[in-house]
Amino acid sequence: MTLERARRGRLPVWGVRFFLTGALAAVQTPAGFAPFALGCVSAAGPGSCGGAALAGAAAGAALFLNFTQALPFLAVAILILTASTALQGWALARPRASALTAAGLFLAVNGIYVIQSLSPWADLGPCLGAAGLTGAAAWLFRPLFRRGEGRNPADGLLALLAALLLGLADFEVLGFSPGRGLLCLLAVWAAYDRGPAAGTAAALLLGLAADLCGLQGGSFTAAWGLAGLAAGSFAGRRALAALAALAAVTAGVLAGNVPGLLPETAAAMAVFLALPRRLMGGRRTSREPLDRQGRSGVRGPADDQETGTRRREQGSVLRGLERTGACGTAEDQGTGTRRREQRNPLRWPGRGERTGSRRTAEETEGAVRWRKQLDRAAAALRDLYDSLGRGVPASGDENPAIIFDRAAERVCRSCSLCELCWQREYTGTFNALNDATPYLLERGRVLARDFPVYFTGRCIHLTEFMTAVNGELSAFLLRRQYRRQLEETRRSARGQYAQLSELLTATAAGLTAPASGTAESGVCRVGAVLRPREGETVCGDTVTSFRTDGGLWCLLLADGMGSGEPARKESAMICRLLQQFLEAGVAPAAALKTLNSAMALRGTETGTFTTIDLCVYDPGAGEAVFYKFGAAPSYLKKGGVVRRITGGSLPAGLQGGAAAPDVTRASLDPGGFAVMISDGVADPEEDEWLMNLLAGWSGEDPQVLAGLILQESVRREKLRDDCGVQVLYRPPESVREV
């Protein structure tokens, strides 16, 4: 594992922000504003990610805006990035305040142009509308670019897709606009997915954005709002929802005199009816929810509890995916006895069953009591964490001028020329000391040549003055170092309180959660191989696989910095600690954030870092979740189809604070493989050979597949780094191992 490869993982992150912002610059209002691109700059945040978004805005302005439009656009973009950088860590950097800041900066810059225009009152309305779109875009896009804030990225993804489609709305073929048709499809799908209230609001917002961008005056808001209300009212009955939406748009067309909307809406409803069923994850209030196989089933309290627990543990899962994947767990597929009990809920239990039920009730009551206590402890730690950040003044570096002030107090106070230097010639003395300050701080001591000639020729105690300055400089540097260490210690303590609060919350959530599988179900096979770097006798990578008491399969692969025994110790320690957390029932995301904080503190002393690749497979849900801290790509194989799973985060230990890992969820079908590798096996940018190998291999033994991957890697990569491969295989449903 090399630092260069860790940095290389940031390039896709910057590229996404660059190209998205540049593309959104093409979406403009009739007045020439590009609010969605400015919202993307605000959502990208400070640092290199914000710089990439600003560069994309500049490229988009050069391509899609004229000079008079590009000048205020770039001015607002630069001010937004500057504000994000300056306000980082303050309350004004929070999502809502950040969106208001972006809208306010837009008004501050473009308001000047409105005031100076020939008709300011006529230009004020479009300017206010564009400012509102800027703030809304900044608010909605933010969860897509900044993880760990606890917000759902589904709304941001919907808004981003709508903004990109607005750029295609003016493109027409024989009077038909594919962009407007796709926007209508998006509005109806959102309403069908989210129900009447939220769906209608989403459809109205899409229509309002289309009207503000000048597609038609007020027609889209009315037409799509009615379509959203109609589709949301028939959630669960797709054909009726499509017909109701078409009828609603027809009414809007007749009222608004926009005949082009009708064929576009009809085409959109045809596509809506042809969408796969797994995308229809709406609130089916009139039907029973469907499981993964499309079967109708009744959800019980245990299912709701399990789903809620999984949401708390995973945190960033999309609502639509949760609704389509909440059923089909091992709890729903229990034993034949449980199925008979569900079919006949009024059957009178026997004595043994009553005793077991009473014992289960007592255990559940105890678990609830412990959960409440842990929740209270977690809340107390969270309040303590918040209190450490309130009322603490922002610490800044001490002004270097105090060095000369204290030295002059010691030497110049009793000098006979004190009045001449510090009163009559004060300006010359001030300039001389100010000019010497950069050399003083750079060199760590002051010399006579650092002062101008008129100062050294006048000072009669120059040697004593320089000695005093050097002494005060040493004290100044020690005070600066102490303040920075104190600030870092305070920040680390706050982070530890927050991490402990999250761990207690996750533990409390797991007390009453039912197990997702049993020892008899969800049989899988695992294969793993390791190979040290050329010239080394010990591999720096570590692989571990185990199954938790809840039935989850966990595969770990850690790659320590460097190679040999030191790297092996680092990676083995990470795997051991992470296994202890997971076996104790701690959620994977919380465990990884805790480990990252600990590695960041440890890295200040050792200077080391470690990549972490974790795959958690739930046999009941048939879902594999990949968590990555700077790890190499992973692969999902089913037959001849291979999916590549990557991440953009840095290795554990390089990100301070409670940084979250990259999380990717995917279904692992029967007969499928999950393949994890370290970066020594294949270069992430040149792994086409590995994907071809996986697509062409037709065996069923994961150990054979792992050995084949390593063998081909040795031939191609020449063992330039440690190699580790781990493979999980889910046998077909009919296969049962003894």
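Preceding this paragraph is the structure being described.
A few points on the structure. (Residues numbered from 1 in each chain as written. Predicted model: local features only at pLDDT ≥ 70, side-chain atom pairs only at ≥ 80, totals over all residues. Heavy atoms only, no water.)

A closer look at the sheet that holds strand β6 (residues 634-638)
Working definition: the strands of a sheet are paired by backbone hydrogen bonds and lie parallel or antiparallel to each other.
Phase 1 of the analysis: Pairing in this open sheet of five strands is antiparallel, and the strands run β1-β10-β9-β6-β7 from one edge to the other. Either end of the sheet is taken by a strand with one partner, and the two such strands are β1 (525-531) and β7 (641-645). Averaged over neighbouring strand pairs, the angle between their axes works out to 15° when direction is ignored.
Phase 2 of the analysis: Summarising the sheet, β6 and strand β9 (residues 673-677) pair through four bridges and their orientation is antiparallel. Bridged to K637 within β9 is F673.
Phase 3 of the analysis: Along the sheet face, helix α25 (residues 688-696) touches β6, β7 and β9 and points at about 25° away from the line of β6.
Phase 4 of the analysis: Sheet strands touched by helix α26 (residues 702-717): β1, β9 and β10 (723-729). Its angle to β1, the strand with the most contacts, is close to 25°. (Pairing = 2+ DSSP bridges. Helix = DSSP H or I, 4+ residues; strand = E, 2+ residues; numbered from the N terminus. Axes fitted to C-alpha atoms, helices over the stretch in contact; angles between N-to-C directions. Contact = heavy atoms within 4.5 Å.)

A word on the environment of G622
Phase 1 of the analysis: With respect to the element layout, G622 can be found in the loop between β4 (610-618) and β5 (623-629).
Phase 2 of the analysis: G622 sits in the buried class, given a relative accessible area of 10%.
Phase 3 of the analysis: Each C-alpha atom of the pair G622 and A666 lies 8.8 Å from the other, and the pair is 44 residues apart in sequence.
Phase 4 of the analysis: The residues contacting G622, other than those within four sequence positions of it, are Y617, A666, S667, L668 and R730. (Buried < 20%, exposed > 50% of the residue type's maximum accessible area, 1.4 Å probe, protein only.)

Digging into the sheet that holds strand β8 (residues 662-667)
Phase 1 of the analysis: Read from one edge of the open sheet, five strands run β2-β3-β4-β5-β8, paired in antiparallel fashion. Looking at which strands have only one partner, the edges of the open sheet turn out to be β2 (541-547) and β8. The average angle at which neighbouring strand axes cross in this sheet is 15°, direction not considered.
Phase 2 of the analysis: Where β4 and β5 come together, seven bridges link them in antiparallel fashion. Looking at β5, one finds that D618 is bridged to E623.
Phase 3 of the analysis: Strands β2, β3 (553-560) and β4 of the sheet are contacted by helix α23 (residues 564-583), whose axis makes an angle of about 155° with β3.

Side note on helix α8 (residues 153-166)
Phase 1 of the analysis: Its 14 residues give α8 an end-to-end C-alpha distance of 20 Å, which sits within 8% of 20 Å, the value for a rise of 1.5 Å per residue.
Phase 2 of the analysis: Listing the buried residues of α8 in full gives P153, A154, G156, L158, A159, L160, A162, A163, L165 and L166. (Expected span 1.5 Å × (residues − 1).)

Here we look at unusual backbone geometry
Glycine aside, residues mostly have negative phi angles, and peptide bonds mostly take the trans form.
Phase 1 of the analysis: Within the chain, K718 stands out as a residue other than glycine whose phi angle is a positive 60°.
Phase 2 of the analysis: With respect to the secondary-structure elements, K718 resides in the loop between α26 and β10.

Details of the pairing of β10
Phase 1 of the analysis: Counted residue by residue, β10 has seven buried out of seven residues, so it is predominantly covered.
Phase 2 of the analysis: Of the two faces of β10, both are covered, the one formed by C723, V725, V727 and Y729 as well as the one formed by G724, Q726 and L728.
Phase 3 of the analysis: As defined by bridge partners, β1 adjoins β10 across seven bridges and the pair is classed as antiparallel. When the sheet's bridge partners are listed, R525 is paired in β10 with Y729.

Description of the packing of aromatic side chains
Phase 1 of the analysis: A full pass over the atoms with the stated rule returns eight aromatic pairs.
Phase 2 of the analysis: An aromatic cluster is built from F451, F455 and F465, whose rings are joined through pairwise contacts. (Phe/Tyr/Trp six-rings, centres within 6.5 Å; stacked < 30°, edge-to-face > 60°.)

Focus on the pattern of salt bridges
Phase 1 of the analysis: Enumeration according to the criterion identifies nine salt bridges in this entry.
Phase 2 of the analysis: In this structure, the salt-bridge partner of E409 is R413, at a minimum N-O distance of 3.1 Å.
Phase 3 of the analysis: Its relative accessible area of 46% is what places E409 among the partly exposed residues.
Phase 4 of the analysis: One salt bridge in this structure joins K628 and D613, with 2.8 Å as the shortest N-O distance. A residue pair is termed long-range when its members are at least 10 positions apart, and K628 in strand β5 and D613 in strand β4 qualify at 15 residues. Judged on exposure class, the residue K628 and its partner D613 are both buried.
Phase 5 of the analysis: Taken together, the salt bridges that share partners define one network made up of E712, R715 and R716. (Salt bridge = Lys/Arg side-chain N within 4 Å of Asp/Glu carboxyl O.)

Digging into the packing of helix α7 (residues 120-145) against α8
Phase 1 of the analysis: Across the interface, α7 lies against α8 with an axial gap of 7 Å and an inter-helix angle of 115°. You can see that α7 and α8 cross each other, and the crossing is left-handed. Packed against α7, whose contacting residues are L140, F141, P143 and L144, the element α8 presents P153, D155, G156, L157, A159, L160 and A163 at the interface.
Phase 2 of the analysis: For the contact of α7 with α8, the residue count by class is nine nonpolar, one polar and one charged. (Left-handed = near helix turned anticlockwise from the far one by under 90°. Nonpolar A, V, L, I, M, F, W, Y, C, P; charged D, E, K, R; others polar.)

As for a nonpolar patch on the surface
Phase 1 of the analysis: On the surface, F67, L71, I112 and Y113 cluster together to form a nonpolar patch covering roughly 440 Å² of accessible area.
Phase 2 of the analysis: The residue L71 is located in helix α5 (residues 67-86) in this model. (Patch = residues over 30% accessible without salt bridge, like charges linked within 9 Å, V, L, I, M, F, W, Y side chains within 5 Å. Areas by Shrake-Rupley, 256 points an atom, 1.4 Å probe, with all protein chains shown as cover.)

Details of the nonpolar core
Phase 1 of the analysis: In terms of nonpolar packing, the biggest core is built from 55 residues, with L24, F36, F73, F106 and F141 touching the most fellow members.
Phase 2 of the analysis: Broken down by element, the residue count for this core peaks at eight residues, all from α7.
Phase 3 of the analysis: Counting residues in hydrophobic clusters, the runner-up holds 24 residues, among them C575, L582, M599 and A652. (Core = buried A, V, L, I, M, F, W, Y, C linked by side-chain atoms within 4.5 Å.)

Focus on the pairing of β4
Phase 1 of the analysis: Along β4, nine of the nine residues are buried, which leaves the element largely enclosed by surrounding structure.
Phase 2 of the analysis: By the alternation rule, side chains of β4 split into T610, I612, L614, V616 and D618 and T611, D613, C615 and Y617, which are all buried.
Phase 3 of the analysis: Where β3 meets β4, eight bridges bridge the pair, whose relative direction is antiparallel. Bridge pairing in β4 places L557 opposite D613.
Phase 4 of the analysis: Linking β4 to β5, which pair antiparallel, is a turn of four residues; within it G622 sits at a positive phi near 65°.

Interpretation note: all reported values are geometric properties and have no functional meaning in isolation.
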